[in-house]
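# Results of the structural survey
Given next are the chains, with one letter for each unit.
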Amino acid sequence: MNNLAQSVDAGSPQPGGEAPMLECRGVSRNFTVGKGFMSEKKTLRAVQDVNLSVDRGKVLAVVGESGCGKTTLAKMMLGLLKPTTGEIYIEGKPVSEIGIRQIARKVQPVFQDPYSSLNPRKTLESIISLPLKVHGIGTREERTHMVEEMLSMVELPKRLLHSYPSQLSGGQRQRVAVARALIMKPEVILCDEPTSALDVSVQAHILNLLQDLRDEMNLTYVFISHDLAVVEHLADYVAVMYLGRLIEYGEKSALFSNPQHPYTQALLDSVLTPEPAKGIPEIALGRGFPNPLDPPTGCSFHPRCSKVMDRCSVDAPVMHSRDDHLVECHLFDE
Ligand code: SF4
């Protein structure tokens, strides 16, 4: 990530500087829902005016509860959805001008559930080599050799080449998903909750593998997660999302040691509870997650905020630079 002030303005790279590996500039995505005969059309503003960037070799974690827009943002980064407004850039080039095949060579996903993301009727060789086949890379023998190499990179034995996903454990399947993502030698891996479907004992192995591969291949990760304990382990930078908006953004160490936004503070409190996987404790936030189709006025977090003020339900806050991070909250208005 470039310096934070630049990220707010998200302009071109500094003179002589390298463009960020991945960058979102003013990215929003709306969906129209309720098109039925009897139902009224509504606009779901899934992602709103997001500005962030990640430099090569770094890990950006995007965190927030279900429904905060992080998966929609991930799909846009993969070129699977177009932004309604704004643009995503890969190494300074607009994704809209790159084309889906080129994006796939640069950015590859690893999804949450290794059970549903792998075709049960295909062997590991077939699953991992599929992207090579689609892009017309190598002869059959060369592809088999590349798959064998990739299996050893993700620490799976070559003898599994002709096995099926059903013959593997959950952790082994996620390693296959990582191998499939890496076979095209992408530069960015977009991990959408890559360990949340796995046993706790297996999660650490997959996280360590991802970290080792990053060092070995100079990979850039965008790590989508609701689990701040995992994020603390892996991230360089953290972007916190709430109801489609980026509400706090900064270096992990600054954000974890000195969170500024009341929502980030509540999220971090939830990590300290004995069962963080159960989500954010009601005690910290008062009320449940609002309906994204009918978001609160002003600051969308105001019904749950412990520091709410009169103006919060009327005026939407703007982003402020505060102690090395960016925070969108009226507490920091001049
Ligand atoms: Fe809380 Fe107001 Fe800040 Fe929103 S703007 S987080 S309601 S203090």
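Keep in mind that what you see is a predicted model, and the values were worked out from it rather than measured.

### What to know about the overall build of the protein chain
For the protein chain, the count of helices and strands is 12 helices and 12 strands. Taken over 334 residues, the protein chain has a buried fraction of 50%. Looking at the protein chain alone, contacts between residues at least 24 apart form 64% of all its contacts between residues at least 6 apart. For the protein chain, the computed accessible surface area is about 15,900 Å², with 49% contributed by carbon and sulfur atoms.

### Points about helix α8 (residues 200–217)
If you check α8, its first and last C-alpha atoms are 26 Å apart, about what 18 residues at 1.5 Å a residue would give, namely 26 Å. Within the sequence span of α8, burial applies to Gln203, Ile206, Leu207, Leu209, Leu210, Leu213 and Arg214. All buried residues of α8 fall inside an arc of 160° around its axis, so they share one side. Facing away from the buried surface of α8 by more than 90 degrees, the exposed residues are Ser201, Asp215 and Glu216. If you follow the buried residues of α8, they end up packed against β3 (59–63), α6 (140–153), α7 (170–182), β7 (188–192), β8 (220–225) and α9 (228–234). After α8 finishes, the residue Asn218 shows a positive phi value of roughly 50°.

### Regarding the site of the ligand
Around the ligand lies a shell formed by His261, Pro262, Cys299, Phe301, His302, Cys305, Lys307, Cys312, Cys329, His330 and Leu331. The residue makeup of the shell around the ligand, split by class, is seven nonpolar, three polar and one charged.

### Comments concerning a positive patch on the surface
A contiguous patch of positive charge on the surface is contributed by Arg121, Lys122, Lys133 and Arg140. Mapped onto the secondary structure, Lys133 falls in helix α5 (residues 124–134).

### As for unusual backbone geometry
In this model, Glu91 sits at a positive phi of 45°, which is unusual for a non-glycine residue. The backbone phi angle of Leu243 is positive, close to 45°, even though this residue is not glycine. Inspection of the secondary structure assignment puts Leu243 in the loop between β9 (237–242) and β10 (245–251).

### A short note on the sheet that holds strand β5 (residues 93–94)
Strand order in the open sheet made by the four strands is β2-β1-β4-β5, with antiparallel pairing throughout. The open sheet is flanked by β2 (42–54) and β5, the only strands paired with a single partner. Relative to β5, strand β4 (residues 85–90) is paired through two bridges, and the arrangement is antiparallel. The residue bridging Tyr89 from the neighbouring strand is Pro94, located in β5. Strands in contact with helix α2 (residues 70–77) are β1 (22–33), β2 and β4; relative to β1, the strand with the most contacts, it is inclined by about 115°.

### What to know about the pattern of salt bridges
Throughout the structure, instances matching the rule amount to 11 salt bridges. Salt-bridge contacts for Arg304 lead to Glu65; the nearest nitrogen and oxygen are separated by 3.1 Å. Remark: Glu65 occurs in the loop between β3 and α2 and Arg304 occurs in the loop between α12 (282–285) and β11 (319–322); sequence separation between them is 239 residues. Both residues of the pair, Arg304 and Glu65, belong to the buried class. Each of the salt bridges in this network shares a partner with another, and the network as a whole consists of Arg56, Glu91, Lys106 and Glu187.

### Some thoughts on the confidence of the model for the protein chain
Residues at a pLDDT of 70 or more form 88% of the protein chain, whose mean pLDDT is 87. Taken element by element, the protein chain is modelled with least confidence in helix α1 (residues 4–9), mean pLDDT 45, and with most confidence in β4, mean pLDDT 96. Contacts from residues 5–15, a stretch scored under 50 in pLDDT, to residues over four places away or in other chains number 20 contacts. Low pLDDT, under 50, characterises residues 279–283; the predicted model gives this stretch 11 contacts beyond four residues in sequence or across chains.

### Some points on the pairing of β9
Remember that side chains alternate between the two faces of the sheet whenever the strand is regular. Burial of β9 is extensive: six of the six residues sit out of reach of the surface. Neither face of β9 is open: one carries Tyr237, Ala239 and Met241, the other Val238, Val240 and Tyr242, and all of them are buried. Where β3 and β9 come together, four bridges link them in parallel fashion. When the sheet's bridge partners are listed, Val63 is paired in β9 with Val240.

Parameters at a glance
- Residues numbered from 1 in each chain as written.
- Predicted model: local features only at pLDDT ≥ 70, side-chain atom pairs only at ≥ 80, totals over all residues.
- Heavy atoms only, no water.
- Helix = DSSP H or I, 4+ residues; strand = E, 2+ residues; numbered from the N terminus.
- Buried < 20%, exposed > 50% of the residue type's maximum accessible area, 1.4 Å probe, protein only.
- Contact = heavy atoms within 4.5 Å.
- Areas by Shrake-Rupley, 256 points an atom, 1.4 Å probe, with all protein chains shown as cover.
- Expected span 1.5 Å × (residues − 1).
- Arc of directions from axis to C-beta.
- Near = heavy atom within 4 Å.
- Nonpolar A, V, L, I, M, F, W, Y, C, P; charged D, E, K, R; others polar.
- Patch = residues over 30% accessible without salt bridge, like charges linked within 9 Å, V, L, I, M, F, W, Y side chains within 5 Å.
- Salt bridge = Lys/Arg side-chain N within 4 Å of Asp/Glu carboxyl O.
- Lys, Arg positive; Asp, Glu negative; His and termini not counted.
- Charge placed at Lys NZ, Arg CZ, Asp CG, Glu CD.
- Pairing = 2+ DSSP bridges.
- Axes fitted to C-alpha atoms, helices over the stretch in contact; angles between N-to-C directions.
- pLDDT = per-residue confidence, 0-100.

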